[in-house]
Amino acid sequence: MEENEKKLSKVGVVSCSGEDLPEGTISRLATLETLHHKRPFDTTTICLPLFIAGGEGDRMFAKNHPVITVDGCEKLCAKRATEKYSGEVACSINVRDFIKNSDEIKNKSNVSNNELNESEKRIVSEVADVISLKVDEILKQNDK
Amino acid sequence: MRDKKFIIIPCSGIGKPIGTVARETAYEIIKQKSGTAETVCLALLTSGDKMAIKKINDNYCITLDGCAKHCAQKNTEACGKTPDKSYMILKFAAENREMKPEGMVDIGEGGRALVKTVSKKIISDMDEILQNEKK
């Protein structure tokens, strides 16, 4: 399917798994915030390790739908895997772009969902807002 | 020779509460066994990152899966490491039906109780592995 033929009802949001860093938890929570509350009817997600390991249904979805990747570090696992197996991503977001001035986050190794501090919660909200805006832009473009 | 650590690898499971339980269990174990337990990003490992692959092959490795796809266990094995222990969170959930995780973001009281139960069992097994090594 050609890129400009990707007519769709949903946008895929693929989050890094990021177990080993707080930005991974922020990626996941921002993705879930978008999926559950901000754009529940316009978005869906897939498990990244399953996708990388060869989940055919997931790879096919990402080939036929625009995908926003949400990564937690410069390794960009979500973006690189999506591009490798399913083609160019519609938008790539790196959580680290939102926390450049936050030493508090940089000094942590990992953090569970219920241990986020106020600064981290704010970043979750900001990232979710950006994902939602990108979803709107992508769907608007596809309506044209 | 340095002491080996335990690398705890949970499934990423973003689409199900049981995936969050796997992740939170890994964090609970790391908290309780601070200095001897760590984690590694499963997606990074699956992507073939050399440092991540070396880390799991140089240490004890424990996988926690949330569903029958067994992503954590299978991807670990694909990187040349047979996990020292592999767990299926769904099995614990079936054995402890009163401990029902509620959501993917907040697993609720039931989910947190399940995390405590699973992590207690795994920590006990980790201690057993170390004791057997000393024999």
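Residues numbered from 1 in each chain as written. Chains lettered and ligands numbered in written order. Predicted model: local features only at pLDDT ≥ 70, side-chain atom pairs only at ≥ 80, totals over all residues.

(A) View of the overall build of chain B. For chain B, the count of helices and strands is six helices and four strands. Here the C-alpha coordinates of chain B stretch approximately 45 × 35 × 20 Å along the principal axes. The buried share of chain B, reckoned over its 135 residues, is 50%. Across chain B, contacts joining residues at least 24 apart in sequence account for 63% of those joining residues at least 6 apart. (Helix = DSSP H or I, 4+ residues; strand = E, 2+ residues; numbered from the N terminus. Buried ≥ 20, exposed ≤ 12 C-beta atoms within 10 Å, placed from the backbone. Contact = placed C-beta atoms within 7 Å.)

(B) Geometry of the confidence of the model for chain B. All names here are of chain B. Across chain B, the average pLDDT comes to 94, with 99% of residues at 70 or higher. Between the elements of chain B, mean pLDDT differs from a low of 91, seen in helix 2 (residues 42-46), to a high of 98, seen in strand 4 (residues 85-88). For this predicted complex, the interface score ipTM comes out at 0.88, alongside a pTM of 0.90. (pLDDT = per-residue confidence, 0-100.)

(C) Representation of the sheet that holds strand 2 (residues 43-45) of chain A. Residues and elements named next belong to chain A. Strand order across the open sheet formed by four strands is 2-1-3-4, with parallel pairing between neighbours. Both edges of this open sheet fall to strand 2 and strand 4 (91-94), since each of them pairs with a single strand only. Between one strand and the next, the sheet's axes are offset by a mean angle of 25°, whatever the strand orientation. Direction of pairing for strand 1 (residues 11-15) relative to strand 2: parallel, over a ladder of three bridges. Note on strand 2: the bridge partner recorded for Gly12 is Thr44. Strands in contact with helix 1 (residues 22-38) are strand 1, strand 2 and strand 3 (67-71); relative to strand 1, the strand with the most contacts, it is inclined by about 160°. Here helix 4 (residues 77-86) sits on the sheet in contact with strand 1, strand 3 and strand 4, set at roughly 145° to strand 3. (Pairing = 2+ DSSP bridges. Axes fitted to C-alpha atoms, helices over the stretch in contact; angles between N-to-C directions.)

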